[in-house]
Amino acid sequence: MAELGADFPTARAQATDLVRAHLDDILRLPEGGEKRLVDAMRYAALDGGKGFRPFLVLATSQLFDVAPSQAVRVAAAVECVHCYSLAHDDLPAMDDDDLRRGRPSLHKAYDEATAILAGDALLTLAFEILADPATHTDSEVRLSLVAGLAQASGKAAMVGGQMLDISASGSALDYGELSRLQGMKTGALIEFSVAAGALLGGAEAAQTEALKAYARDLGLAFQIADDVLDVTGASEVLGKTAGKDREDDKATFVSLLGLEGARQEGEQKAAQAEAHLSEFGAAATPLRQAAQFVIHRKN
Ligand code: GRG
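Bear in mind that the values here come from a model prediction, so they are computed numbers and not experimental data. (Residues numbered from 1 in each chain as written. Predicted model: local features only at pLDDT ≥ 70, side-chain atom pairs only at ≥ 80, totals over all residues. Heavy atoms only, no water.)

## Thoughts on empty space enclosed by the protein
So, step 1. Under the defined criterion, the tally for this structure stands at three cavities of 30 Å³ or more.
So, step 2. Quantified by volume, the largest cavity comes out at close to 100 Å³.
So, step 3. Taken together, Y43, A44, C83, L86, A87, D90, R100, R101, R103, P104, S105 and L106 form the lining of the largest cavity.
So, step 4. Of the residues assigned to the lining of the largest cavity, the class counts are seven nonpolar, one polar and four charged.
So, step 5. In this structure, the second largest cavity occupies an estimated 70 Å³ of space.
So, step 6. What lines the second largest cavity is simply T16, V19, R20, L23, A45, L46, G51, P54 and E79.
So, step 7. Looking at the lining of the second largest cavity, the elements that each hand over two or more residues are α1 (8–26) and α2 (35–46).
So, step 8. Here the element with the most residues in the lining of the second largest cavity is α1; it accounts for four residues.
So, step 9. Here the residues of the lining of the second largest cavity are counted per class, giving five nonpolar, two polar and two charged. (1 Å grid on protein atoms, 1.4 Å probe; cavity = no way out; pocket = protein on both sides within 12 Å on 5 of 7 lines; lining within 4 Å. Points joined across faces, edges and corners; volume = space filled by probe spheres on them. Nonpolar A, V, L, I, M, F, W, Y, C, P; charged D, E, K, R; others polar. Helix = DSSP H or I, 4+ residues; strand = E, 2+ residues; numbered from the N terminus.)

## Considerations on unusual backbone geometry
So, step 1. Of note, the phi angle at D96 is positive, near 55°, even though the residue is not glycine.
So, step 2. Locating D96 in the fold gives a position in the loop between α4 (68–89) and β1 (99–100).
So, step 3. A positive phi angle, near 55°, is found at R101, a position not held by glycine.
So, step 4. Relative to the assigned elements, R101 resides in the loop between β1 and β2 (103–104).

## Brief notes about the packing of aromatic side chains
So, step 1. Applying the stated criterion across every chain, the model contains eight aromatic pairs.
So, step 2. Residues F8 and F55 carry aromatic rings whose centres are separated by 4.7 Å and whose planes lie at 85° to one another, so their mutual orientation is edge-to-face. Pair noted here: F8 is in helix α1 and F55 is in helix α3 (residues 52–63), with a separation of 47 residues, a long-range link. Summarising the burial analysis for this pair, F8 and F55 share the class buried.
So, step 3. Look at Y43 and Y110: their rings are 5.6 Å apart centre to centre, the planes differ by 75°, and that puts the pair in the edge-to-face class. Residue Y43 is found in helix α2, and its partner Y110 is found in the loop between α5 (106–109) and α6 (112–131); the two are separated by 67 residues along the sequence.
So, step 4. A cation over an aromatic ring shows up here: R103 above the ring of Y43, its NZ or CZ 3.8 Å from the ring centre. (Phe/Tyr/Trp six-rings, centres within 6.5 Å; stacked < 30°, edge-to-face > 60°. Buried < 20%, exposed > 50% of the residue type's maximum accessible area, 1.4 Å probe, protein only. Lys NZ or Arg CZ within 6 Å of the ring centre and 35° of its normal.)

In structure tokens:
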């Protein structure tokens, strides 16, 4: 497996391809009744998506010379959790969205029960991948990866953030409350993606802290941009239904700061994110460029 390219677009495309090839291999279609389940898992995890989290895992791992064959497994595990969360988020009981990545969302392409099961199976597959000795020879490292991904996905992070988001619908949140909610719902998995590279590579504590600080600002910039795009983007470009936040009466960085205020806040967070990478020099160029990608992306 070759090194990632030295610029963000190349590195992200490579990360996406590597993870897709890995999941394609793991998710071979079985014979029999469970074929439909695996087919739905493939639909959710193998097609479309920006591959942003896989890029973060692989680019951070590369800072510490981690074997790409190990990093790609962690990247695949994170992508499984991410794709499960999108599939469940689109369900009628949650965001009720028919469009994802420019095509029917999972429960529309299959059915609700299959979408729930495929999401469940992607979530559990993530931990199966991490627990496998092929991910890292040291069982302590594997255990830390399993615990880290569980924490980033669970009640104090992604699922908890989703609960807060649902409960807060129709209420006004202040900046601190909204940042906390989004940090849990979206930020925690982004933070894990970056921290995982440091963990695999045995980074020093100060390096891990700098990378986590980068990821926290990056995650906020990512979410702020998402809120801006919900207002300014068209469904065909976004690949998902535009204008959902207002329709669902959600507190967003745009409702809180206004469109221009949100844009400026996103730029500030992206600049802060980049500043945390100063000690990594030129090797961190793709990660720095990722911060700009996050705020200038169109979907
Ligand atoms: C249902 C347990 C559960 C959690 C859902 C992450 C999440 C929690 C819901 C997704 C809702 C959403 C659209 C959040 C905004 C930020 C976000 C995660 C966007 C999607 O991530 P991208 O843009 O997606 O990286 P792609 O399709 O490119 O992989």
